[in-house]
Amino acid sequence: LAPAGVSSPTPALCPYLRHFVRLPEPRVFAKSYWRPNIVLILTDDLDIAIGGLSPLTKTKKLIGDAGISFSNAFVASPLCCPSRASILTGKYPHNHHVINNTIEGNCSSTAWQKSEEAHTFPAILKNHGYQTFFAGKYLNQYGHSDAGGVEHVPPGWSYWVGLEKNSKYYNYTLSVDGKAQRHGADYSKDYLTDVLANMSLDFLSYKSNYQPFFMMVSTPAPHSPGPQLLSTRTDKHWLIRQAKTPMTNSSVQFLDDAFRKRWRTLLSVDDMVEKIVKSLQVRGELNNTYVLFTSDNGYHTGQFSLPLDKRQLYEFDIRVPLMVRGPKIKPNQTSKLLVANVDLGPTILDIAGYDVNKTQMDGMSFLPVMEGKMNSSSWRTDILVEYEGEGRNVSDPSCPLLGPGVSECFPDCVCEDSYNNTYACVRTVAPCANLQYCEFDDNEVFVEVYNVTADPFQLTNIAKTIDQEVLEKMNHRLMMLQSCSGQSCRTPGVYDPSYKFDPRQMFTGHSWRLSRLRQRVK
């Protein structure tokens, strides 16, 4: 491949594209040429809470300033594989059944391949006449020997350049249409973000001009390469309470270094975005192309004395950047309406002219929002966030006192996850409420509730002081969302004027939760 920063086609990929691109018949040209092109740029673990967008000055100018930025964009689950599965399927985790980053958790497993993978929005786009290109991180276990290895090419992709397993910058393997391409540690030709940029530019140069295209570029940055250090509170779930406060000087230094490294990795992402947008402009395609930029989840680096990870229910892990530019989007817009990553698939299909109602997706298209055809009175007021905790059956050797059931432990015995870090939340954004309501699936049925307007850093859990009626309504709404599918996931929320609450409609299978909840918050 060409050295980083060189935007001309690279010899490694050009023959590959020349070989596979076939011009369609003239009748296809007449039918599909007018349809817009779509580019989705997905970053890995990009926070917005502590300045994750700060290094991305070009990205903000070329996408955000040229279109619309969503200030209330969230993920359905704050972990890579479940979140990415939600993006691809438009479904909440309880419907796509990817619960964590392991094969056993259905991450790129054969079960996923046999059920959901053939029905992702890229597969629908390809069947709808789009040429599709993927480059970068797919799902964390992609390429696993138990799931077809790198020879497996997910359905729906005309051109496939998939990273084997999780994000790396060097010493990785790419699956180029099912054939392994191994890379080393030479910056000039192996730094993954630059490799993805060059391959994306190659696609734009050698694709067919007679079909619309969808291009998805999934960068490793800013995954794992100062922090906001908030004190631990006693009103939070035990996993948060076990973190050591104040943090040691060595821990603070470690976090500062990690923070700087994350920002450095984003500089290459910023360059990549600029190259893609400029290439579209030079080719005369920018005015007919929607460009979306977002992340699979947020990230924390020191908040509540937690070291480095995501997985938690708080804003810093579930809130993500989302910027979009496109033909019918006015520049310099900011929307406060509530959107989620389950909406990306429906929105992209809507842009392509496909009837989203033909799918089983839980999300909804926000294209009307971007085009100024939707206001807050007719938009949704809540979404679901769910996560299933992971833990090991044996104690961590370096932290034996914690016992079994924990995982992602750091040397100072602060653990980021556990079996009972399993929770579900209703995140509400309405004209009269900015609320987060969460329940843990543990022996306590622990509840956390935050008024995010009054308490943006979520320091005070108001579960014991909030009005009992609101608590019961939110409990009921959570149960509704946890069992929803398709259209039922888009019914009115508690703070929607058309919401109706009937305690008699409580699901009998969940009645124990309400009674235990009442006992817990008294």
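What counts, and at which threshold
Residues numbered from 1 in each chain as written. Predicted model: local features only at pLDDT ≥ 70, side-chain atom pairs only at ≥ 80, totals over all residues. Heavy atoms only, no water. Core = buried A, V, L, I, M, F, W, Y, C linked by side-chain atoms within 4.5 Å. Buried < 20%, exposed > 50% of the residue type's maximum accessible area, 1.4 Å probe, protein only. Domains from an automatic or database assignment. Contact = heavy atoms within 4.5 Å. Helix = DSSP H or I, 4+ residues; strand = E, 2+ residues; numbered from the N terminus. Polar contact = N/O pair within 3.5 Å; in protein donor to acceptor, adjacent residues only side chain to side chain. Pairing = 2+ DSSP bridges. Axes fitted to C-alpha atoms, helices over the stretch in contact; angles between N-to-C directions. Disulfide = S-S within 2.5 Å. Parallel < 35°, antiparallel > 145°, perpendicular 65-115°, else oblique. Nonpolar A, V, L, I, M, F, W, Y, C, P; charged D, E, K, R; others polar.

(A) Broad picture of the nonpolar core. Membership of the largest hydrophobic core comes to 93 residues, with the highest contact counts inside it found for Phe 70, Phe 121, Phe 214, Val 324, Phe 366 and Met 370. Of the domains in this structure, domain 1 (37-381) and domain 2 (385-510) are the two that each give at least three residues to this core. Excluding anything up to four places from it in sequence, Phe 70 contacts Leu 322, Val 324, Ser 335, Leu 337, Val 339, Phe 366, Val 369 and Met 370. Residues Val 39, Leu 56, Tyr 169 and Leu 266 belong to the second largest nonpolar core, which totals 39 residues.

(B) Inspection of the side chain of Ser 418 at higher detail. Inspection of the secondary structure assignment puts Ser 418 in strand S17 (residues 415-418). A polar contact is formed between the side chain of Ser 418 and the side chain of Asn 420, at a distance of 2.9 Å. Beyond its immediate stretch of four places on either side in the chain, Ser 418 contacts Trp 238, Leu 239, Gly 389, Glu 390, Gly 391, Gly 405, Val 406 and Ser 407.

(C) Structural context of the sheet that holds strand S19 (residues 433-440). Taken together, the four strands give an open sheet; going across it, the order is S15-S18-S19-S20, and neighbouring strands pair in antiparallel fashion. Each edge of the open sheet is held by one strand with a lone partner, namely strand S15 (382-387) and strand S20 (447-451). On average, each strand axis in the sheet is tilted by 15° relative to the strand beside it, whichever way the strands run. Along the sheet face, helix H15 (residues 468-482) touches S15, strand S18 (423-430), S19 and S20 and points at about 110° away from the line of S18.

(D) Quick look at the state of the cysteines. Taken as a whole, this structure holds three disulfides when the rule is applied. Through a disulfide, Cys 484 is tied to Cys 489; the S-S separation comes to 2.0 Å. One disulfide, between Cys 484 and Cys 489, carries an S-S torsion of 90° and so falls in the right-handed class. Overall, Cys 484 belongs to the buried group, its relative accessible area being 2%. Among the cysteines around Cys 80, which has no disulfide bond, Cys 81 carries the closest sulfur, lying 8.1 Å off.

(E) Region of interest: the pairing of strand S16 (residues 406-409). Looking at chain direction, S16 and S17 are connected through three bridges and run antiparallel. Within S17, the position partnered with Val 406 by the bridge is Ser 418. Counting the residues in the hairpin turn of S16 and S17 gives five residues, including Cys 413, whose phi is positive at 65°.

(F) Spatial organisation of the pairing of S20. Counting buried positions along S20 yields four of five residues, so the element is predominantly enclosed. Here S19 pairs with S20 via five bridges, running antiparallel. In the sheet register, Cys 438 faces S20, and the bridge partner there is Glu 448. Where S19 hands over to S20, the hairpin turn is made up of six residues, of which Val 445 adopts a positive phi near 50°.

(G) Representation of the packing of helix H9 (residues 192-206) against helix H11 (residues 249-282) in the model. In the contact formed by H9 and H11, the axes pass within 9 Å of each other and the chain directions differ by 5°. With respect to each other, H9 and H11 are oriented roughly parallel. From H9, Thr 193, Asp 194, Ala 197, Ser 200, Leu 201 and Leu 204 reach across to H11, where they touch Ser 268, Val 269, Met 272, Lys 275, Ile 276, Ser 279 and Leu 280. Residues of the contact of H9 with H11, tallied by class, amount to seven nonpolar, four polar and two charged.

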